[in-house]
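Read off the chains here:
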Protein chains: 2
Amino acid sequence: MSSRVLIVGSVALDDVKTPRGHHHRVLGGSASYGSIAAGLFSPVDIVGVVGDDFPSEHIAQLEACGVNTRGIEIVRGGKTFHWGGEYSGEMNEAITHFTELGVFEHFNPTIPDAYRENDFVFLANIHPALQLRVLEQVKKPKLSVCDSMNLWISTERDTLIQVLKRVDVALLNDQEAMMLFETHSLPTAARQLLDLGLRHAIIKKGSHGAQMFSNGGTFAVPAVPLDTVQDPTGAGDTFAGGLIGYLASRKTLDEMSFRQAIMVGSACASFVVEDFSIRETARMSKEKIRGRYEKLQAALHVDPVELG
Amino acid sequence: MSSRVLIVGSVALDDVKTPRGHHHRVLGGSASYGSIAAGLFSPVDIVGVVGDDFPSEHIAQLEACGVNTRGIEIVRGGKTFHWGGEYSGEMNEAITHFTELGVFEHFNPTIPDAYRENDFVFLANIHPALQLRVLEQVKKPKLSVCDSMNLWISTERDTLIQVLKRVDVALLNDQEAMMLFETHSLPTAARQLLDLGLRHAIIKKGSHGAQMFSNGGTFAVPAVPLDTVQDPTGAGDTFAGGLIGYLASRKTLDEMSFRQAIMVGSACASFVVEDFSIRETARMSKEKIRGRYEKLQAALHVDPVELG
């Protein structure tokens, strides 16, 4: 029996251009990506805000993926958060063309009573003050996971540190983790994260995969080798969603469950980048995840050393 | 019984500055780093050239590490290849301050008869035309490994491709591999390397570790997490040396031996960066390698996925 997952973050419309294509007003946002991946493994309650320009088929799409959307507030006369950006070259980083915050500018998440006892909480990337407000509204979950971004590290570092002190897992990319502690060493940054009281520091490394640090050691997975990446948007949020959704389906949260969850998150992320928006993750199945998981597991297998 | 390894490349004096210190005229060069790591596992014959300014203690140091130095030509009145450079920040790339090629400018490797039947050959980074000349002088080895650099990819691509078609293993860093085939996808670059007839494409990713591609699949290891890197010079050559030295100590060259060899190479590389020049690798022991290997192996362990 899976536990329910609460996911709070952005629900957006994206204009995305990559060397593989150009798509307008497709479903985007950290909470959308995270929820669709998590929904494959556990029931998800999403909390976000959109304007009344938000297409109803996107709501239907989320619902079809096991996501309860009653927590998405629809503001009459408001505009949905609209982001436009472009990727080129190795597509490791987006160039933002425009950011129209719309109703997201005044997003102040109110967690419906029915979701306050969810055992699993994913704070997708939003202002850390809002992340704190979510934590104040929920009962102590079994597991809370927090994402963030370089903007909040530069402008709201103290608030972000307060959030990190209250959650179990930090999810950051390598540059963000090093920036947070002004170091050029990823292991040093990870150590400092753990010193805040976090149980796990999970570092996303884009095309280099992901690495988890905990007091029990480190675990690293490469990205699933893909010949063609269509659109990297949402890879990190999809990774996070797969991770927390898988953990919420487990009886125990031991170290091995986290390792498995990182593999599952990586498998989910490998699907999302194979098409624009959530097209490919909406088509994911547990069997497809198992296939990629086994491929990744084979890529990690090595026998003990034999030294004469 | 280990086979003998032939290593051909540069033997140099380095001036290296990093945030951790500044050292002058320390032992450097691709062949030196490679030989010292390989020498821990198998007997090594090095071929290179130096001037008569080359300190005899460096020769003694190489010999003490199991390296036969009779193939190092000492040019009377000549100057040893002298490189000066600096690392800052994440120390992923050196800024070169000066390159005085000295006698290395006219290096034309002549392989002593006694080394021509060595079963293992490492062509460290030198002009690909010289690498070809080495291949013409040796009997078909059991295993040949070739390194290169961005300079030769830009200026001598055709010659480099000829070399790659004749060796068993290509060792390149990720940017070099993608540059060679004008792609932004590492898996695509790896596929193209294998299409040249290579048995393995081994990609060095600096602080992200290493990844091997072969027709049997892929294998990835992270870098050993280190809090303090003193000097990254020679990490790639030390990785290569550990890899080929380990393989030369094995009875068979199956896929698992290569995976183990990548782990051993990574362990060796993790030592070399902990001090300047070859100080730390000269102190390596098989027991120390085993310790790091086991640490890395633990970082790769994961159980099968459990999907409800």
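Look above for the structure.
Trainee: Residues and numbers for the sheet that holds strand 8 (residues 95-100) of chain A, please.
Mentor: Residues and elements named next belong to chain A. One open sheet accounts for four strands, arranged 3-2-7-8; its pairing is mixed. Each edge of the open sheet is held by one strand with a lone partner, namely strand 3 (21-28) and strand 8. Shown here is a sheet whose adjacent strand axes are inclined to one another by a mean of 15°, direction ignored. Judged from the five bridges that link them, strand 7 (residues 81-86) and strand 8 form a sheet pairing that is antiparallel. In the sheet register, Trp83 faces strand 8, and the bridge partner there is Thr99. Here helix 1 (residues 30-38) sits on the sheet and contacts strand 2 (12-18) and strand 3; the angle it forms with strand 3, its principal contact strand, is near 80°.

Trainee: Tell me about the sheet that holds strand 3 (residues 21-28) of chain B, and name the residues and values.
Mentor: Residue and element names in this part refer to chain B. Read from one edge of the open sheet, four strands run 3-2-7-8, paired in mixed fashion. Edge positions in the sheet fall to strand 3 and strand 8 (95-100), since each has one partner strand and no second. Sheet twist, expressed as the average angle between the axes of neighbouring strands with direction ignored, equals 15°. Pairing geometry for strand 2 (residues 12-18) and strand 7 (residues 81-86), over six bridges, is parallel. Along strand 7, the bridge assignment pairs Ala12 with Phe81. Strand contacts of helix 1 (residues 30-38): strand 2 and strand 3, with the helix running at about 80° to strand 3, the strand carrying the most contacts.

Trainee: Now, about the environment of Ser2 of chain B: what can you tell me, with residues and values included?
Mentor: Residues and elements named next belong to chain B. With respect to the element layout, Ser2 can be found in the segment before strand 1 (5-8). Residue classification places Ser2 among the partly exposed residues on the basis of a relative accessible area of 22%. In this structure, Ser2 is in contact with Phe41, Ser42, Pro43, Ala248 and Ser249, ignoring residues within four places of it in sequence. A distance of 3.1 Å separates a polar atom in the side chain of Ser2 from the backbone oxygen of Phe41.

Trainee: Give a detailed account of the pattern of salt bridges, specifying residues and quantitative values.
Mentor: Counting across every chain of the model gives 22 salt bridges over all chains. Salt-bridge contacts for Glu117 of chain B lead to Lys139 of chain B; the nearest nitrogen and oxygen are separated by 3.4 Å. Placement of the pair is Glu117 of chain B in the loop between strand 8 and strand 9 (120-123) and Lys139 of chain B in the loop between helix 3 (128-137) and strand 10 (143-147), with a sequence separation of 22 residues. Relative accessible area serves as the criterion here: at 52%, Lys139 of chain B is assigned to the exposed category. Across the salt bridge formed by Asp275 of chain B and Arg279 of chain B, the nearest N and O atoms sit 3.2 Å from each other. The exposure class assigned to Asp275 of chain B is buried, which follows from its relative accessible area of 14%. When salt bridges with common partners are traced through the structure, they connect Asp275, Arg279, Glu280 and Arg283 of chain A into a single cluster.

Trainee: Requested: an account of helix 11 (residues 286-298) of chain A, with residues and values cited.
Mentor: All names here are of chain A. For helix 11, spanning 13 residues, the distance from its first C-alpha to its last is 18 Å, which sits close to the expected 18 Å at 1.5 Å a residue. For helix 11, the complete set of buried residues consists of Ile289, Arg292, Tyr293, Leu296 and Gln297. Seen along its axis, helix 11 keeps its buried residues to an arc of 140°; they face one direction. Turned more than 90 degrees off the buried face of helix 11, the exposed positions are Glu287 and Lys295.

Trainee: Please set out the interface of chain B and chain A residue by residue, giving values where relevant.
Mentor: Taken together, the contact pairs 44 residues of chain B with 44 residues of chain A. Both faces considered, chain B and chain A share a buried interface measuring about 4,100 Å² in area, 54% of it formed by carbon and sulfur atoms. Linking chain B to chain A there are two salt bridges. Taken together, chain B and chain A are joined by 20 residue pairs in polar contact (both at pLDDT 80 or more). Those elements giving two or more residues to the side of chain B that touches chain A turn out to be helix 6 (174-180), helix 7 (186-195), strand 13 (210-214), strand 14 (217-221), helix 9 (255-272) and helix 10 (286-298) of chain B. Its residues assigned to classes, the side of chain B that touches chain A shows 21 nonpolar, twelve polar and eleven charged.

Trainee: Can you explain the packing of helix 8 (residues 235-248) of chain B against helix 9 of chain B? Please cite residues and give values.
Mentor: Residues and elements named next belong to chain B. Their axes nearest at 7 Å, the elements helix 8 and helix 9 cross at an angle of 140°. It follows from the interaxial angle that helix 8 and helix 9 lie oblique. With respect to the hand of their crossing, helix 8 and helix 9 are arranged in right-handed fashion. Residue-level contacts link Ala235, Thr238, Phe239, Gly242, Leu243, Tyr246 and Leu247 of helix 8 to Ser257, Phe258, Gln260, Ala261, Ile262, Val264, Gly265, Ser266, Cys268, Ala269 and Val272 of helix 9. For the contact of helix 8 with helix 9, the class distribution of residues is twelve nonpolar, six polar and no charged.

Cut-offs used in this document
Residues numbered from 1 in each chain as written. Chains lettered and ligands numbered in written order. Predicted model: local features only at pLDDT ≥ 70, side-chain atom pairs only at ≥ 80, totals over all residues. Heavy atoms only, no water. Pairing = 2+ DSSP bridges. Helix = DSSP H or I, 4+ residues; strand = E, 2+ residues; numbered from the N terminus. Axes fitted to C-alpha atoms, helices over the stretch in contact; angles between N-to-C directions. Contact = heavy atoms within 4.5 Å. Buried < 20%, exposed > 50% of the residue type's maximum accessible area, 1.4 Å probe, protein only. Polar contact = N/O pair within 3.5 Å; in protein donor to acceptor, adjacent residues only side chain to side chain. Salt bridge = Lys/Arg side-chain N within 4 Å of Asp/Glu carboxyl O. Expected span 1.5 Å × (residues − 1). Arc of directions from axis to C-beta. Buried area = accessible area lost by both parts, 1.4 Å probe. Nonpolar A, V, L, I, M, F, W, Y, C, P; charged D, E, K, R; others polar. Parallel < 35°, antiparallel > 145°, perpendicular 65-115°, else oblique. Left-handed = near helix turned anticlockwise from the far one by under 90°.

Functional significance is not addressed by these values, which are geometric in nature.
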